[in-house]
Amino acid sequence: MKYDDEYFTLSEENGILVMTMQAPGNNLMTGEFFDRYQEIISQIRKKTNVKGLIIKGGGRHFSVGADVESLSERSASELLDMKNDYDFSCGHTAQKESVLCLLELPYPVVSTISGFCIGSGSEIAVSSHVRICETNARIGQPESTFGILPGLGGIARTIEVCGFSAAAEMVFTGTLISAQKAYEIGWADILTEKKQSFDEAVALIEWINKNIEKYDNRKAGCYVVEYLADKGETNI
Amino acid sequence: MNIERKNHCVVISGVDSLQIIFLNRERIEGFLNENCLAVAVIPDGGLQLPENENEALETVNYFKKLNVLTVIASPSLQEVSYDVMTLFDIRLSYSPYMLDSRRVLSCEQKKSYEICCGQKAMNEYDRYIGNGSEGTFTTKLVSLLPENEDLVSNVCVYIENLFAGKDIYQNRSILSCFICARNGERESVLREESCRFYRLIKRKADISHDEI
């Protein structure tokens, strides 16, 4: 199965789906990007007999996040149709759901991160079950520096993954953190050297499929520890 | 008990009981003006919940409903009970908080731990207990401050750093999402994120319109 356009490719190798983001501007998340992302997610959700899903950036960066100016314009136009503060547009609801649905997929979902993984890019990664970061990765939720806040699950999921205070530091300050810091606060599950995260993701997914009878996405972190222990490693 | 208003924060010091804070809540609320985004409690030694169950529940509910960030800070928080520690949003100290391996957290306490420290930290604790380890467990409850004689200044710098570069409206918008997370209910946080996102977008659009 293949899907190949200027924004994404989706391929399958030995039962492992690989979604590669290859949009212009280091995966700048424009309206078009999100439309294509939702299409590809709907295809992924129909797939059966999948061992796992790897999400990665096609170039040097995972994603530089949303195009804030066009996001602000699109969202501002949606405001006109909102009857009240909780009457979210179908577009926003669908977009948010397409990010958060990664959590519910019944097989390992692994984001492999190099370079920048920020804003909505970070929201996709943090809604994955496992995050493998290369040492050059820089992660953050800088929305606060643009006068807004993460609206696609970034706050909720960062709190779940890293805890309240670490998430507060990330979201309030909007500061980018290193891969090492991401690991220390629990955002990153595994650190690798450059260009090794994809192979590590494949190995992890194969290990889970071989050793775990019934995959439980809530235990993904535990599986990572067992996998590393099996390899005779704690981490770099 | 001393109460002092700083820039975005009210500092409460000279207390060893949360009930004293609860009983003085009206006085404290007099200090919580619209610019106040955090309350920092700097205890004298330990900080206890009331022994009476109903009073303890009232005190806990009061702290959980405060619409500001709650911070506890001390050079060492080791004398503060676990349940009091996890009542606060942020815990600041010069040294980590240790748990005795003989004392295993209850389900409710583990839930608090996960909210405070995240899934990975929770898994680490479970492994530590599962392995039958002895001694003490170094929790991830505390954000470590650089050592400084002036703890209050240190705490204020930390808090100001969180809120810097943003006005009260934006800070309160972000804060409201975190307050929803105190009970660990994902759906309420997600809903508040979206609501506040659109309010901030509206304000951004209104500002741009005014500039034109």
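Up top is the structure.
Since the model is a prediction, treat every value here as computed from it, not as a measurement. (Residues numbered from 1 in each chain as written. Chains lettered and ligands numbered in written order. Predicted model: local features only at pLDDT ≥ 70, side-chain atom pairs only at ≥ 80, totals over all residues. Heavy atoms only, no water.)

Colleague: Looking at this model, I keep getting lost on the pattern of salt bridges. Mind explaining?
Modeller: Side chains that differ in sign of charge can pair as their charged atoms come close. Under the counting rule described, the total for this entry stands at 19 salt bridges over all chains. Among the salt bridges present, the one from R186 of chain B reaches E160 of chain A, with a minimum N-O distance of 2.8 Å. One end of the pair, R186 of chain B, is in helix 9 (residues 186-211); the other, E160 of chain A, is in helix 6 (residues 154-162), on a second chain. R186 of chain B gets classed as partly exposed once you look at its relative accessible area, which sits at 27%. Residue R218 of chain A pairs with D216 of chain A through a salt bridge whose shortest N-O separation is 3.2 Å. Here R218 of chain A falls in the exposed class, since its relative accessible area comes to 67%. Its relative accessible area of 16% is what places D216 of chain A among the buried residues. Each of E104, R157 and E160 of chain A together with R186 of chain B takes part in one network of salt bridges that share partners. (Salt bridge = Lys/Arg side-chain N within 4 Å of Asp/Glu carboxyl O. Helix = DSSP H or I, 4+ residues; strand = E, 2+ residues; numbered from the N terminus. Buried < 20%, exposed > 50% of the residue type's maximum accessible area, 1.4 Å probe, protein only.)

Colleague: When you look at the packing of aromatic side chains in this model, what are you seeing that I'm missing?
Modeller: Pairs of aromatic rings are described using the distance from one ring centre to the other and the angle between the two planes. By the definition in use, this model includes 15 aromatic pairs over all chains. Each ring, one from F8 of chain A and one from Y37 of chain A, has its centre 6.2 Å from the other, and the planes form 40°; the classification is tilted. Placement of F8 of chain A in strand 2 (residues 8-13) and of Y37 of chain A in helix 2 (residues 31-46) is noted, with a sequence separation of 29 residues between them. Of the two residues, F8 of chain A and Y37 of chain A, both sit in the buried class. Both rings, one in F164 of chain A and one in F178 of chain B, keep their centres 5.3 Å apart while their planes meet at 65°; by these two values the pair is edge-to-face. One end of the pair, F164 of chain A, is in helix 7 (residues 164-173); the other, F178 of chain B, is in helix 8 (residues 168-180), on a second chain. Grouping residues by exposure puts F164 of chain A and F178 of chain B together as buried. Each member of the aromatic cluster is reached from another via a ring pair, and the members are F8, F33, F34 and Y37 of chain A. The ring centre of F198 of chain A lies 5.6 Å from the NZ or CZ of K56 of chain A, which sits over that ring. Note that R25 of chain B overlies the ring of F22 of chain B, its terminal NZ or CZ placed 4.0 Å from the centroid. (Phe/Tyr/Trp six-rings, centres within 6.5 Å; stacked < 30°, edge-to-face > 60°. Lys NZ or Arg CZ within 6 Å of the ring centre and 35° of its normal.)

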